[in-house]
Amino acid sequence: MTSKRLTVFASGTGSNFISLHQSVQKGIIPATITAFITDKPGCSARSYAKEHNITDYVLRPADFDSHDGYVKKLLSVLEEETPDLILLAGYLKKIPDEVIRRYPKKILNIHPSLLPLYGGKGWYGHKVHHAVIENGDIESGCTIHYVTEVYDDGPIIAQRKVPVFPEDHPDSLAKRVLKEEHTLYTEVVKRLLEQS
Ligand code: GRF
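Parameters and conventions
Residues numbered from 1 in each chain as written. Predicted model: local features only at pLDDT ≥ 70, side-chain atom pairs only at ≥ 80, totals over all residues. Heavy atoms only, no water. Helix = DSSP H or I, 4+ residues; strand = E, 2+ residues; numbered from the N terminus. Buried < 20%, exposed > 50% of the residue type's maximum accessible area, 1.4 Å probe, protein only. Areas by Shrake-Rupley, 256 points an atom, 1.4 Å probe, with all protein chains shown as cover. Lys, Arg positive; Asp, Glu negative; His and termini not counted. Charge placed at Lys NZ, Arg CZ, Asp CG, Glu CD. Axes fitted to C-alpha atoms, helices over the stretch in contact; angles between N-to-C directions. Parallel < 35°, antiparallel > 145°, perpendicular 65-115°, else oblique. Contact = heavy atoms within 4.5 Å. Nonpolar A, V, L, I, M, F, W, Y, C, P; charged D, E, K, R; others polar. Near = heavy atom within 4 Å. Polar contact = N/O pair within 3.5 Å; in protein donor to acceptor, adjacent residues only side chain to side chain. Pairing = 2+ DSSP bridges. Core = buried A, V, L, I, M, F, W, Y, C linked by side-chain atoms within 4.5 Å. Salt bridge = Lys/Arg side-chain N within 4 Å of Asp/Glu carboxyl O.

1. Some details on the overall build of the protein chain
Argument step 1. Along the backbone of the protein chain there are 6 helices and 7 strands.
Argument step 2. Shown N-terminal to C-terminal, the secondary structure of the protein chain runs as helices and strands in the order β-α-β-α-β-α-β-α-β-α-β-β-α.
Argument step 3. Classification of the 196 residues of the protein chain by burial places 47% in the buried group.
Argument step 4. As presented, the protein chain carries roughly 9800 Å² of accessible surface, and 52% of it is formed by carbon and sulfur atoms.
Argument step 5. Averaging the positions of the 24 positive and the 25 negative side-chain charges in the protein chain gives two centres separated by 3 Å.

2. Observations regarding the packing of helix α5 (residues 126-134) against helix α6 (residues 170-195)
Argument step 1. One way to put it is that α5 packs onto α6 with a least axis distance of 9 Å and a crossing angle of 110°. On the basis of the axis angle, α5 is roughly perpendicular to α6. Facing H126, H129, H130, V132 and I133 of α5, the residues of α6 in contact are P170, D171, L173, A174 and V177.
Argument step 2. Of the residues assigned to the contact of α5 with α6, the class counts are 6 nonpolar, 3 polar and 1 charged.

3. Regarding the site of the ligand
Argument step 1. Around the ligand sit T13, G14, S15, N16, G90, I110, H111, P112, L178 and E181, and that is every residue in its neighbourhood.
Argument step 2. Here a nitrogen atom of the ligand and a backbone polar atom of I110 are 2.8 Å apart.
Argument step 3. Calculation on the ligand without its partners gives an accessible area of 370 Å², and the protein chains cover 81% of this total.
Argument step 4. Its residues assigned to classes, the shell around the ligand shows 3 nonpolar, 6 polar and 1 charged.

4. Quick notes on the pairing of strand β4 (residues 85-88)
Argument step 1. Side chains L85 and L87 of β4 all project onto a buried face; the interleaved residues I86 and L88 project onto the opposite face, where all are buried too.
Argument step 2. As defined by bridge partners, strand β1 (residues 5-9) adjoins β4 across 4 bridges and the pair is classed as parallel. Counted as the bridge partner of L6 is L85 from β4.
Argument step 3. Direction of pairing for β4 relative to strand β5 (residues 107-111): parallel, over a ladder of 3 bridges.

5. Quick word on helix α1 (residues 15-25)
Argument step 1. What α1 keeps buried is the set N16, F17, S19, L20, H21, S23 and V24.
Argument step 2. Those residues of α1 hidden inside the fold are in contact with β1, β2 (32-38), α2 (44-51), β4, β5 and α6.
Argument step 3. The positive-phi residue at the C-terminal boundary of α1 is G27, with phi of around 85°.

6. Quick look at the nonpolar core
Argument step 1. Counting 39 residues, the largest nonpolar core has L6, F17, L87, L108, Y185 and V189 as the members making the most contacts within it.
Argument step 2. Looking at which element gives the most residues to this core, the answer is α6, with 8 residues.
Argument step 3. Sequence-distant contacts of L6, that is, excluding residues within four places in its chain, are made with V24, I29, A31, T32, I33, T34, A35, L85, L87, V189 and L193.
Argument step 4. Counting residues in hydrophobic clusters, the runner-up holds 19 residues, among them V71, L88, I100 and V147.

7. Some words on the pattern of salt bridges
Argument step 1. All told, the structure shown has 13 salt bridges when counted by the stated rule.
Argument step 2. When the shortest N-O distance is used, the salt bridge between E139 and K161 registers 3.4 Å. With E139 in strand β6 (residues 139-146) and K161 in strand β7 (residues 156-163), this pair connects stretches of sequence that are 22 residues apart.
Argument step 3. One salt bridge in this structure joins K190 and E194, with 2.9 Å as the shortest N-O distance. Separated by 4 residues within a single helix, K190 and E194 lie in helix α6, roughly one turn from each other.
Argument step 4. Judged by relative accessible area, K190 falls into the partly exposed class, the value being 30%.
Argument step 5. Salt bridges here are not isolated pairs; linked through shared partners, they connect D39, K40 and K93.

This is the structure:
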């Protein structure tokens with residue numbers, strides 16, 4: 001068992017989380033996913049974490065009396081987990097600034113567009129792919145970046161492009177982009193861990 005530790009945050013389906021976990025299991029990513037954190041207790045990503053004995057935490061700001069209480073809990077969970085990298089994989093809540101400042105260049109996010117295009121608050125999911133098609137773009141893709149205090153604005157680590165075809169609809173484009181997300185996330189995490 002390797003000593004590198006990963007914490008994954010997700011709120012939805014978790015296909016990126018699953019793909020990262022499979023890369024760990026295959027020995028491609030030299031690490032262990034030691035913790036899964038979500039704000040959506042019923043999400044499929046959490047079911048996957050449970051099925052694979054990955055420690056899961058449900059942390060919802062609304063369950064705390066104050067923002068400070070929520071941040072304190074999040075920081076204490078991370079303090080305990082000692083992650084080498086924190087990977088956001090379809091996590092819809094904003095990571096509190098205090099956490100971002102505590103883990104500089106340790107928190108990564110994946111976004112389904114070629115940032116800085118179609119990024120920022122409110123730009124996620126099919127809204128992105130719909131806008132790409134509406135604007136007649138001929139290419140789209142995905143971006144992995146460091147998380148800073150501004151949504152989708154941190155330094156870009158890697159991008160991968162895909163073509164947009166005239167017959168595309170948001171579902172077909174999302175599928176093409178997601179396929180690239182899975183391989184790119186694994187490649188980036190592997191590279192960063194090997195460099196650290
Ligand atoms: C992906 O498109 C990712 O870029 C974005 O949220 C989506 C998550 O998909 N941040 P999944 O839950 O990993 O399938």
